[in-house]
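Below, each chain spelled out in residue letters.
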Amino acid sequence: MTSWLRVLRAEVRKLTTTRMPWAFLGVLVVLAVLNGVAVVAGTDMDGSKKFISTAADQQSLMAFANNAMMGAALFGAIAAAREYAHATVVPTYLIEPRRHRALLAQLAAVMLGGAVLSTIGAGLIVAAVALTLPTTDYGFLVSAGGVAQVVGASALAGAAGAALGVGLGTLVRNVGGAVTATFLLLMVLPPLVIQLANDAASWVPAALTGVISGVTSDIATPAAVVALVGWGAVPVLVGLVALRRRDVV
Amino acid sequence: MHTLVFEHVTKRYGKDVVVDDVSFSVKPGRVTGFLGPNGAGKSTAMKVLLGLAAPTSGAATIGGQRYRELPDPARTVGVVLEPNAFHPGRGGRDHLRVLADGMRVPTRRVDELLDLVGLTHAANRKVRAYSLGMRQRLSIAAALLAEPTVLVLDEPGNGLDPQGIRWLRDLLRQRAAAGNTVFVSSHLLAEVEHLADDVVVINRGKLVTAGELAALQYAGVTVRTPRADALAGLLTAAGATVATAPDGGLTVRGMTATDIGEAACVAGVPLHELSAHSGSLEELFLTWTDDHAPALTPQPREAMPV
């Protein structure tokens, strides 16, 4: 096993030996239950259940990628920033002094975690919708391909979000600060940018995740995938530059 | 066998000079105590050695290589640096398993180390439930995980009970006797006095003295005379370093008792006491790090050439 794979294994063990993944999993279960409740009890303004009447409506309801990106970004931000908060980054850099390799190992582990959690989240929501639809007048109308697209989009958005979070966590090095920065970047900044440049609306995470989930078609899917990867990659690159320049104190 | 070498290491943070042109070496087969008051720059110097902080100038090497250039650094150097470098929600065994994964150490070694440091009973307990002493034992276990030949330990005795201190002392002495390099900072001067073969003392970032502890402890001569000022001037002119104690006694370094006696005799200065000075480490430490005391020539530094 190469030294990088050893560090990756250590990073995976870090993630699986605290309660954080279980806490996120708990949130996913709650979200799935809320989706089920929405199917059972929710109505449109006119009291009908048109919001689940077509395959497109149901796919839109199950589209989890935007939430997956936000949740995985928080997961990544906390995972990276807590390394500094608890000074566990010190033994990490003693084991792998080439810091870019250590960060890439952490990035791979957290992206894997983000993708897995997001896939589980999407799966739970699909299951919740499928299980509760029989209580209504509508059946499960989404094709297998549609379900696969929803789940796949969630996994991709989860990985990109986790990368974004790792970048911000590495840059900020404070859990509260990293969480705040994640909210600002994903929730506050996009509407402001759209106000300034309306053309940017197609390139914010909510729009991109809609495209890759098959819910909207503002831009081509490959372009949306590349842009989504960019949202994750840019903070990682900035974090990497900062990491190489500063001392571990 | 790895010798640690600091060569003109300087570390600045903005305008603050935390480590100032420090040069010394730490030899294998010996325990070297690293002493200095709080904020003297000990931890920063150790971080420079371990590649965690970049020196502003100079270099610190381990066996002639910078830490990051070592083929397998974590298996070569065992480190205790941060007092609480644990995730509080992770168990003690899991903490070591994370490190073992990264170091390519078999998992059974984790249990051996837990047994060695007396934490087997608490291995699955979250670290947040550990006492300070238990955390310190866990840190020491982590440092020993890969059987390193170099130990760099920053205040490893913090929080340990007397039995733990004794255990640590025996462990470090065994390691040094086996030819390993042991570099340990501590505020527990009495413990260092029992433990260290050599000491390095820094204050305000500058090297104060470095050398064999026994030589340093016996390096001074105590002189009492009713004409202290005259004798101090005489000895200083002869090249000695003279410090005046509050009770009027003189501590002279750089001249033997015989030379001092002869010089006093020739000058007609009566002597009431002339004795080789063997101060405790604490006494010496306070002298070395007293910013108001006259600087003492670090004579025994030559015992540890860089």
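What you see is a predicted model, and the numbers here were worked out from it, not measured in a lab. (Residues numbered from 1 in each chain as written. Chains lettered and ligands numbered in written order. Predicted model: local features only at pLDDT ≥ 70, side-chain atom pairs only at ≥ 80, totals over all residues.)

*Asks:* Break down the environment of Glu82 of chain B for me, citing the residues and quoting the values.
*Replies:* In this fold, Glu82 of chain B is placed in the loop between β5 (77–80) and α3 (92–103). It is 9.2 Å that separates the C-alpha atoms of Glu82 of chain B and Glu155 of chain B, two residues lying 73 residues apart in sequence. Residues in contact with Glu82 of chain B, not counting those within four places in the same chain, are Ala87 and Val90 of chain A. (Helix = DSSP H or I, 4+ residues; strand = E, 2+ residues; numbered from the N terminus. Contact = placed C-beta atoms within 7 Å.)

*Asks:* An account of unusual backbone geometry is requested, with residue identities and associated values reported.
*Replies:* Within the chain, Arg173 of chain A stands out as a residue other than glycine whose phi angle is a positive 65°. Along the chain, Arg173 of chain A turns up in the loop between α7 (144–172) and α8 (175–196).

*Asks:* Tell me about the domain arrangement of chain B, and name the residues and values.
*Replies:* All names here are of chain B. Each domain of chain B was delimited in the assignment, giving domain 1 (4–214) and domain 2 (216–303). Summarising the inter-unit geometry, the C-alpha centres of domain 1 and domain 2 are found 35 Å apart. Every contact between the two is made by 16 residues of domain 1 and, on the other side, 13 residues of domain 2. At the level of elements, α7 (189–195), β8 (198–203), β9 (206–212) and α8 (213–217) are the ones that each hand at least two residues to the side of domain 1 that touches domain 2. Among the elements that make up the side of domain 1 that touches domain 2, the one with the highest residue count is β9 (five residues). (Domains from an automatic or database assignment.)

*Asks:* How would you explain the interface of chain B and chain A if you had to name every residue and give the values?
*Replies:* Residue-level contacts link 28 residues of chain B with 24 residues of chain A. Listed by contribution, the elements that provide at least two residues to the side of chain B that touches chain A are α2 (73–76) and α3 of chain B. Of the residues forming the side of chain B that touches chain A, the biggest block, seven residues, is contributed by α3 of chain B. Taken together, the residues of the side of chain B that touches chain A sort by class into 16 nonpolar, five polar and seven charged. (Nonpolar A, V, L, I, M, F, W, Y, C, P; charged D, E, K, R; others polar.)

*Asks:* Go over the sheet that holds strand β1 (residues 4–13) of chain B, please, and point to the residues and values.
*Replies:* Residues and elements named next belong to chain B. Ordered by their spatial adjacency, three strands build an open sheet running β2-β1-β4, and the pairing between neighbours is antiparallel. Of all strands in the sheet, those bounded by a partner on one side alone are β2 (16–26) and β4 (57–62). Across the sheet, the mean angle from the axis of one strand to that of its neighbour is 20°, orientation sign disregarded. Bridge analysis of β1 against β2 gives seven bridges, and the strand direction is antiparallel. When the bridges of β2 are listed, Lys11 appears paired with Val19. In this fold helix α1 (residues 42–49) packs onto β1, β2 and β4, with an angle of close to 115° to the strand it touches most, β1. (Pairing = 2+ DSSP bridges. Axes fitted to C-alpha atoms, helices over the stretch in contact; angles between N-to-C directions.)

*Asks:* Pulling in residues and values, what's your account of the packing of helix α9 (residues 205–212) of chain A against helix α10 (residues 221–245) of chain A?
*Replies:* When two helices pack together, their arrangement is captured by the angle between the axes and the distance separating the axes. Residues and elements named next belong to chain A. For the pair α9 and α10, interaxial distance at closest approach is 9 Å and the crossing angle is 135°. The pairing of α9 with α10 is recorded here as oblique in orientation. The crossing of α9 and α10 is left-handed. Here α9 contributes Pro205, Leu208, Val211 and Ile212 to the contact with α10, which in turn contributes Thr221, Ala224, Val225, Ala227, Leu228 and Trp231. Here the contact of α9 with α10 is composed, by residue class, of nine nonpolar, one polar and no charged. (Parallel < 35°, antiparallel > 145°, perpendicular 65-115°, else oblique. Left-handed = near helix turned anticlockwise from the far one by under 90°.)

*Asks:* Run through α10 of chain A, naming residues and quoting values.
*Replies:* All names here are of chain A. Relative to the 36 Å expected for 25 residues at 1.5 Å per residue, α10 spans 37 Å between its end C-alpha atoms, a close match to the ideal helical length. Buried within α10 we find Ala224, Leu228, Trp231, Gly232, Pro235, Val236 and Gly239. Elements that come into contact with the buried residues of α10 comprise α6 (99–132), α7 and α9. (Expected span 1.5 Å × (residues − 1). Buried ≥ 20, exposed ≤ 12 C-beta atoms within 10 Å, placed from the backbone.)

*Asks:* Tell me about the sheet that holds strand β6 (residues 150–154) of chain B, and please be specific about residues and values.
*Replies:* Residues and elements named next belong to chain B. The six strands lie next to each other as β5-β6-β7-β3-β8-β9, forming an open sheet whose pairing is mixed. The two strands at the open ends of the sheet, each matched to only one other strand, are β5 and β9. Looking at each pair of strands side by side, their axes are set apart by 10° on average, direction ignored. Along the sheet, α1 makes contact with β3 (31–35), β6, β7 (181–185) and β8, crossing β6 at roughly 150°. Sheet strands in contact with helix α11 (residues 281–288) are β3, β8 and β9, and its direction is about 30° off that of β8.

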